[in-house]
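So you can see what is in the structure, the chains are spelled out below.
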Amino acid sequence: MSGSALRGLVRAELARARAPLRLAGLAAAATALAAVLLLGVSGWFLAGAAAAGAMGPAAVLGFNYLLPSAGIRLFAITRTLGRYGERLASHAAAFGALARLRPAIFAGLAAAPPERALALSSGEATARLVQDVDAIETLFVRRAAPWAAGAAVLAGVGLVGLAGDAAAFGFLAMAVLQTLLGFALSARLTRAAGADLLTTGGRLRDRLGAVLATGPELHCHGLTDRVIAQLMEQAEPLGAARLARWSADGLTAIAPTLLAGLTAALVIWLAGPAPLPLVALAALAALAAMEAAGGLARMFDDAGALAAAAGRLDEVLAAPATVTTGGDGLSAVPISFGPAILGTAAPLVLAPGARLALTGQSGAGKTRLLESLLGLRAIPPGSILIGDQPLDRIGPPHARALFSLAPQNAAMISGSVRDNLLLGAPDSTNDPRADDRLWEMLDQMALGARVRALPGGLDGWIGEAGAHFSGGERRRLALARACLREAPWLLLDEPTEGLDADTEAVVVAALAALLARTGRGAVIASHRPAPLALCGQRLDLG
Amino acid sequence: MLRGVALWAATTAAATRARQVKRHWRQRVLAALLHARADAAPLAGIAGAAAVDEIEALDPYLIRYAPARANAAIGPLLVLAAAASASLVAAGLLAATLLPFVALMILAGGAAAEQSRRQFAALARLSGLFADRVRALPLLLAFQAEAATTARIGTAAREMSARTLSVLRIAFISTAGLEFFAALSVALVAVYAGFALLGLLPFALPEHVDFATGFFVLALAPEFYAPMRRLAAAYHDKQLGEAAAERLEAVLATPPAPTPRVRPPGRAPGLRFAAAVAGAGPDLRIGPLDLAIPSGGIAALMGPTGAGKTTLLRLLVGAAPLCAGEVELDGQKLSEAGSFAPLIGWAGQAPILLPGSIGQNIALAAPDTPRARIAEVAGLAGLDALLAARPGGLDALLDERGSGLSGGERRRIGLARALLKPAPILLLDEPTANLDATAEAEMIALIGRAAAGRTVLIATHSEALAAIAGQVVRL
């Protein structure tokens, strides 16, 4: 795990989850200890009983069988409860941490420099949250493994040590060998393969989304099979990466099984001169301890996927360096566009309440200019002034509070009509009268009837990204949303594109009335004469 | 040691097979998605999850669970047989622990299956919500809604954590139960063998137990439950795999678009809509539409946004259902043909692009087309300026995203593709939307030339474009 942002977050979560993680560790240690003791003591009891039985009735009567059999019961129960406690505590810690990491990652995405954050397409972003974050989950769940391994090795050394120092050293050497081998194998085999999985999947998902959007064309031109073949081809690296990952997984599983048998044999050989009960105890304890310590190897397994996920998350979470000045008193001052942003010699000044028509060919930069005002794009320093303050020196929270946008693509969030409108009027969540305001605005945008017909009305579901609404309906909903937001400037990007002439007239009249009533300023980018007629000033970007 | 090697071989073999199985699933799922009848097609988010995540989610089932299940069926029997050869009573004790163990597994497993389905729903919601909000990030930033959205994602993530944890709380009961029975089997064998060696058992033994026998069965005892512990470790894999397979089956059950049964008419056909009603969603109907386009005529569908212009175009290619009325193509009925797609050239707003050259993309549907013919339709579609500006012209390579092409250029490639198809009908969906006045005028002139010899139906908002149509229907 490299970089600082994610590491800081994870470290904070580890600290926060210290109590459940410690509980998980202790439970894991108790489980391992009980497993080793159970088998070891059983072996010792058996051998002791054999010796006593061979010596005759007196020895049998003198043999204390109560203590070992009670111990066997205790270890069995400890092992059961310990395992349950360990699993539950470690997962509780992991999920608690993840529920905080997920929103933190989104917040990091929102705070990152817009060019970088906006370059993410949706499919990759999903992979980013759900899978990368899940990869981090293993970090928390596997925290208990070293405790278990440590307890198992300690118990193993202790029990095997009863049969002599040589046996104990032999066992310890094998345990260390197993750990090193597990680490080396996983590091080599799983890292590269794991890293491939997330990116390939994200690209495939994006591509499928693009293909599905072209339905009728596929039917008419018989392209479906070609497209499926191309998608299958694109999925091949994913299959290859998964195969490599699983083969590596299988390989890392060999080491513990190989070593356990070897270790038991080695311990018996080294403990040769010790009494039989102790040799039995040592051999069985070594067997159980090696198995319990083998869990450590799993901890290395997901290292590759984890490192890749952490790397990408870090990239998203890198904090932007924003220099901000004060943001007070900006709402009633003029906006000046300098030559550096206009590409013309003369600057352009918009007085408060002025309306600017933005015209020009497709691709001339109308949308770019609106996005620059919102701080979604980097601009030459000082090229736009709000009053006398350069826009690039005003913090985004202050700058964005000045503007309300109806975007060119009429973007919607998935959810209800209300979810979308409330973006523009976030304060009116629980006010019953606020609904009247929403309805009034919808009616002005000739959308009231459509929404009333929707099952659920304002709470009606508009589909994924507004898919249940037509393009024109989404546009009017976007306008209603923009008008609800109380900002001194409206930024309208192609506000009537895709509307028929009658609807356009209604919408433009509503906008005119609203601008006259509130005295707000506006910047309107459009090809069409009706909305441009609202404006007193004009800027042609060529 | 042998077990280790066998385990690795089994995993690799299972993984290789799993890749084949997944390939097969993916092929079928993609076909189901792309051939789906439009009104039954899953949303893009679900489609993406199905074709990528849910298919890969089969891996643990195929690779870890399936071999573990086979091993769990055979492994304990082998151990039991080995134990029985040394001590029948010890083997009996091992077998006796099996009964309550199986009962517990069935109880815990059944409960976990139900919970697991719920967890999948929560996961899908979380993933969908996050993807949607990231897509809408510019909007959320503009409306300064990032804090509120972060809080909402937090709520969803907490809900998901709670659900996952409740699944695991039950799944872990079986883990603990297995641990208990594994410990119990060791304890029972140890106590039996120990007391037999001491001669303290209150009943007569059917067999003789010495130390070697006792040690042997004791060493075997942990192995009795080992295959089942491996199976249990994979039990969660089974739940996830089965839930994924269930959702994939639902996608595979998507009704496919009908196979068109239509005869080529030999010339530009007449098209007649007779009170035709198209379905645009679960309860949205478009029409009835009455319209007769003569052979070689141009008609424009206009109307307020949402009136269903595109839906009526989709009706002809079987991408929207015919709910009432009829459409006839020189007497052939749409209700019988299912779709006129084989006779139609379609140019939409965002044409599909595949990795390859511009020329190959134009000729996607007919790869054997002579180069001269491709150049001709490219010229007809107004691509000359683009081809001149790009090194290689028709041979200039595109990636599958069409990086570097503007929206207008993509649309022209789509138009060229539609023109290349010797189809007597041309359907154009908003060919001039989002073009400025100059570009729109150019496109209208192109369409006028391209329409020669074809029957054309255009969905548009543009009065200028509608002016070239012989008939204009206002919905």
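Overview of the structure. (Residues numbered from 1 in each chain as written. Chains lettered and ligands numbered in written order. Predicted model: local features only at pLDDT ≥ 70, side-chain atom pairs only at ≥ 80, totals over all residues. Heavy atoms only, no water.)

**Digging into the overall build of chain A**
Threshold: A run of DSSP states H or I qualifies as a helix once it reaches four residues; a run of E qualifies as a strand once it reaches two. Both are numbered from the N-terminal end. Here's how the labels work: a residue is buried when its accessible area is under 20% of the maximum for its type, exposed when over 50%, partly exposed in between, all with a 1.4 Å probe on protein chains only. Here a residue-residue contact requires only that any non-hydrogen atoms of the pair lie within 4.5 Å. Working definition of accessibility: Shrake-Rupley area with a 1.4 Å probe, residue cover restricted to the visible protein chains.
When its secondary structure is counted, chain A shows 22 helices and nine strands. Buried residues in chain A amount to 56% of all 542 residues. Long-range contacts, defined as pairs at least 24 residues apart, comprise 78% of the intrachain contacts of chain A with a sequence gap of at least 6. With an accessible surface of roughly 21,000 Å², chain A has 63% of that area assigned to carbon and sulfur atoms.

**Quick notes on the pairing of strand β6 (residues 344-347) of chain B**
All names here are of chain B. Filter applied, for reference: Two strands qualify as a pair provided DSSP detects at least 2 bridges between them.
Burial of β6 is two-sided: the residues I344 and W346 facing one way and the residues G345 and A347 facing the other way are all buried. Judged from the four bridges that link them, β6 and strand β9 (residues 425-429) form a sheet pairing that is parallel. Paired with A347 across the strands is L428, a residue of β9.

**What to know about the packing of helix α12 (residues 371-380) of chain B against helix α14 (residues 407-420) of chain B**
Residues and elements named next belong to chain B. The condition that has to hold: Fitted lines through C-alpha atoms give the axes, limited to the stretch in contact for helices. The angle between two N-to-C directions lies from 0 to 180 degrees. Note on terminology: angles under 35 degrees are roughly parallel, angles over 145 are roughly antiparallel, angles of 65 to 115 are roughly perpendicular, and the others are oblique. Handedness of each helix crossing follows the sense of rotation of the near helix against the far helix: counterclockwise by less than a right angle gives left-handed, clockwise gives right-handed.
As a packed pair, α12 and α14 sit with axes 8 Å apart at the nearest point and diverge in direction by 125°. If you check the angle between α12 and α14, you find them oblique. Every pair of crossing elements has a handedness; the one defined by α12 and α14 is right-handed. The residues of α14 that touch α12, namely those facing R373, V377, A378 and L380, are A416, L419 and L420.

**Details of the interface of chain B and chain A**
Applicable threshold: Using a 1.4 Å probe, buried area is obtained as the accessible area two parts lose upon being combined, added over both of them. The working definition used for a salt bridge is a side-chain nitrogen of Lys or Arg within 4 Å of a carboxyl oxygen of Asp or Glu. For the purposes of these results, a polar contact is taken to be a pair of N or O atoms within 3.5 Å, where, inside protein, one atom must be able to donate a hydrogen and its partner to accept one; residues adjacent in sequence count only when each atom of the pair is a side-chain atom.
In this complex, chain B contributes 126 residues to the contact, which on the side of chain A involves 124 residues. Between chain B and chain A lies a buried interface of about 11,000 Å² when both sides are counted; carbon and sulfur atoms form 71% of it. Along the contact surface separating chain B from chain A lie five salt bridges. One salt bridge connects A:E236 with B:R23, and the closest N-O pair in it is separated by 2.9 Å. Joining chain B to chain A, the criterion identifies 13 residue pairs in polar contact (both at pLDDT 80 or more). In terms of residues, the side of chain B that touches chain A owes the most to one element, helix α6 (residues 146-198) of chain B, which gives 31 residues.

**Looking at the pattern of salt bridges**
Pairs can form between side chains of opposite charge whenever their charged atoms are close. Going through the model one piece at a time under the given rule, you end up with 25 salt bridges over all chains. Of the charged contacts in the structure, one is a salt bridge between A:E486 and A:R437, with a shortest N-O distance of 3.8 Å. Of the two residues, A:E486 is situated in the loop between α20 (471-484) and β7 (489-493) and A:R437 in helix α18 (residues 432-444); the sequence distance between them amounts to 49 residues. Judged by relative accessible area, A:E486 falls into the exposed class, the value being 66%. Several salt bridges share partner residues, and in doing so they unite A:R79, A:R83, A:E86, A:R87 and B:E179 into one network.

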